[in-house]
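Examining the three-dimensional arrangement
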Amino acid sequence: MGAVEHDLDAVQWAALLAAWGGCAYCGAAPGADALQRDCVLPISRGGRYTWDNVVPACRSCNASKCNTEVTAWMRRRRLDERQFLLRHAELRAAARVGSAPGAVPLAATPDVAPLAATPDAVPLAPTPG
Ligand SMILES: [Zn+2]
């Protein structure tokens, strides 16, 4: 696992767990310890290990999805792909304006240009002066 770029920090992961309240795909809630970090867009397909590409997944979903493209996989598993995509988009949008449940701190992430370098979290500290 050492080769993966670990952009996601513990605070962001905790916020994701709280926001999803269980497995992002099937809704199972086996407890935070049993949920694994799954990249919506697999690393092998150009995804990155960042808060907006990582969701909590139960062991079963994570193992089954593996490197499969998420919507194709969800359709095959008869999971609610639409619900997932909407929720995922909601969380990303909410986090972007700083009102996410659990307030995920993050820099502005453009929707386009997914390969662009994302600046590290912009500190929200007030500027003195
Ligand atoms: Zn699941």
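Residues numbered from 1 in each chain as written. Predicted model: local features only at pLDDT ≥ 70, side-chain atom pairs only at ≥ 80, totals over all residues.

Per an unreviewed UniProt entry, the chain is named HNH nuclease domain-containing protein, and its organism is Cellulomonas cellasea DSM 20118.

As for the overall build of the chain
Check the secondary structure of the chain and you find four helices and two strands. Ordered by position from the N terminus, the helices and strands of the chain form the series α-β-β-α-α-α. Counting every position in the chain, which comprises 129 residues, the buried fraction comes to 24%. Long-range pairs, those at least 24 residues apart, make up 57% of the contacts in the chain between residues at least 6 apart in sequence. (Helix = DSSP H or I, 4+ residues; strand = E, 2+ residues; numbered from the N terminus. Buried ≥ 20, exposed ≤ 12 C-beta atoms within 10 Å, placed from the backbone. Contact = placed C-beta atoms within 7 Å.)

A word on the pairing of strand E2 (residues 54-57)
Because side chains alternate across E2, one face comprises the buried residues Val-54 and Pro-56, and the other comprises Val-55 and Ala-57, equally buried. Across four bridges, strand E1 (residues 36-39) lies against E2 in antiparallel orientation. Across the sheet, the residue bridging to Asp-38 is Val-55, located in E2. (Pairing = 2+ DSSP bridges.)

Concerning the nonpolar core
Residues Leu-16, Cys-23, Ala-24, Tyr-25, Val-54, Val-55 and Ala-57 are the most contacted members of the largest nonpolar core, which totals 22 residues. For this core, the elements supplying multiple residues, two or more each, are helix H1 (10-20), E2, helix H3 (70-76) and helix H4 (81-96). (Core = buried A, V, L, I, M, F, W, Y, C linked by C-beta atoms within 7 Å.)

Here's the deal with unusual backbone geometry
What you tend to see is this: most non-glycine residues have negative phi, and most peptide bonds are trans. You will see that Cys-66, though not glycine, has its phi angle at about 50 degrees, which is positive. On the basis of neighbour count, Cys-66 is assigned to the exposed category, with 11 C-beta atoms found within 10 Å. In this model, Arg-78 sits at a positive phi of 60 degrees, which is unusual for a non-glycine residue. With respect to the element layout, Arg-78 can be found in the loop between H3 and H4. Residue classification places Arg-78 among the exposed positions, given that 7 C-beta atoms sit within 10 Å.

Observations regarding the environment of Thr-71
Inspection of the secondary structure assignment puts Thr-71 in helix H3. The spatial distance from the C-alpha of Thr-71 to the C-alpha of Leu-41 is 9.9 Å, given a sequence separation of 30 residues.

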